[in-house]
Amino acid sequence: MARKIHVQLIDDISGEDAQETLRFSLEGSDYEIDLAGENAAGLREALAPFVAHGRRVRSESRSRSTRTVPSVREETQRIREWAIANGYSPNSRGRISQDIRKAYDDAH
């Protein structure tokens, strides 16, 4: 027996038919919203100045809050090793300076 499933998107703001689902993140939380064309354009327009001045974040960085302690340590060790190989003098223990971390991020 054949089965056909129809999914209808409803604009979460207006209640009318929606054409797309948009994803966005704010303060570490990810969101999805179904929007009709006009509302989707309005959201993009409202966010445009912030997107233009923001930095795109690698997916690995976005999940930093869910990392376990060992993976943070492993990343710190990778940054230290990169810093030494690239002429920096990081402390052998503790936090890595923002200058070194920025240089590492810019290189990757």
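What this report covers is the structure whose coordinates are included nearby. None of these values were measured; they are calculated from a predicted model. (Residues numbered from 1 in each chain as written. Predicted model: local features only at pLDDT ≥ 70, side-chain atom pairs only at ≥ 80, totals over all residues. Heavy atoms only, no water.)

So, on to a nonpolar patch on the surface. Among the surface-exposed residues, L47, F50 and V51 lie close enough to one another that they form a single nonpolar patch of about 320 Å² accessible area. Tracing the chain through its elements places L47 in helix α1 (residues 37-53). (Patch = residues over 30% accessible without salt bridge, like charges linked within 9 Å, V, L, I, M, F, W, Y side chains within 5 Å. Areas by Shrake-Rupley, 256 points an atom, 1.4 Å probe, with all protein chains shown as cover. Salt bridge = Lys/Arg side-chain N within 4 Å of Asp/Glu carboxyl O. Helix = DSSP H or I, 4+ residues; strand = E, 2+ residues; numbered from the N terminus.)

Among the nonpolar cores identified, the biggest contains seven residues, and these are I79, W82, A83, I96, I100, A103 and Y104. Counting only elements with at least two residues in this core, the list comes to α3 (69-85) and α4 (98-107). (Core = buried A, V, L, I, M, F, W, Y, C linked by side-chain atoms within 4.5 Å. Buried < 20%, exposed > 50% of the residue type's maximum accessible area, 1.4 Å probe, protein only.)

This part covers the pairing of strand β2 (residues 29-35). Sheet analysis places strand β1 (residues 20-26) next to β2, joined by seven bridges and oriented antiparallel. Within the sheet, the bridge partner assigned to S25 lies in β2 and is D30. Turn length for the β1-β2 hairpin, with the two strands adjacent in sequence and antiparallel, is two residues, and the turn residue E27 shows positive phi of about 50°. (Pairing = 2+ DSSP bridges.)

Turning to α4, a few remarks are in order. Taken as a whole, α4 has its buried residues at I100, A103 and Y104. Buried residues of α4 fall within an arc of 100° about the axis and therefore sit on the same side. In this structure, α4 carries Q98, K102 and D106 as exposed residues pointing more than 90 degrees from its buried face. (Arc of directions from axis to C-beta.)

Moving on: α1. Compared with an ideal rise of 1.5 Å per residue, which puts 17 residues at 24 Å, α1 spans 25 Å between its outermost C-alpha atoms and is within 8% of the ideal. Of all bends in α1, the biggest is about 45°, found at L47, and the proline P49 comes one to four residues later. (Expected span 1.5 Å × (residues − 1). Bend = angle between axes of the 7 residues up to and from the residue.)

Despite not being glycine, E27 has its phi angle at roughly 50°, a positive value. Along the polypeptide, E27 turns up in the loop between β1 and β2.

Relative to the helices and strands, R80 resides in helix α3. When near neighbours in sequence (up to four residues on either side) are disregarded, R80 contacts P90, N91, S92, R93, G94 and I96. (Contact = heavy atoms within 4.5 Å.)

Purely spatial values, then, with no claim about function.
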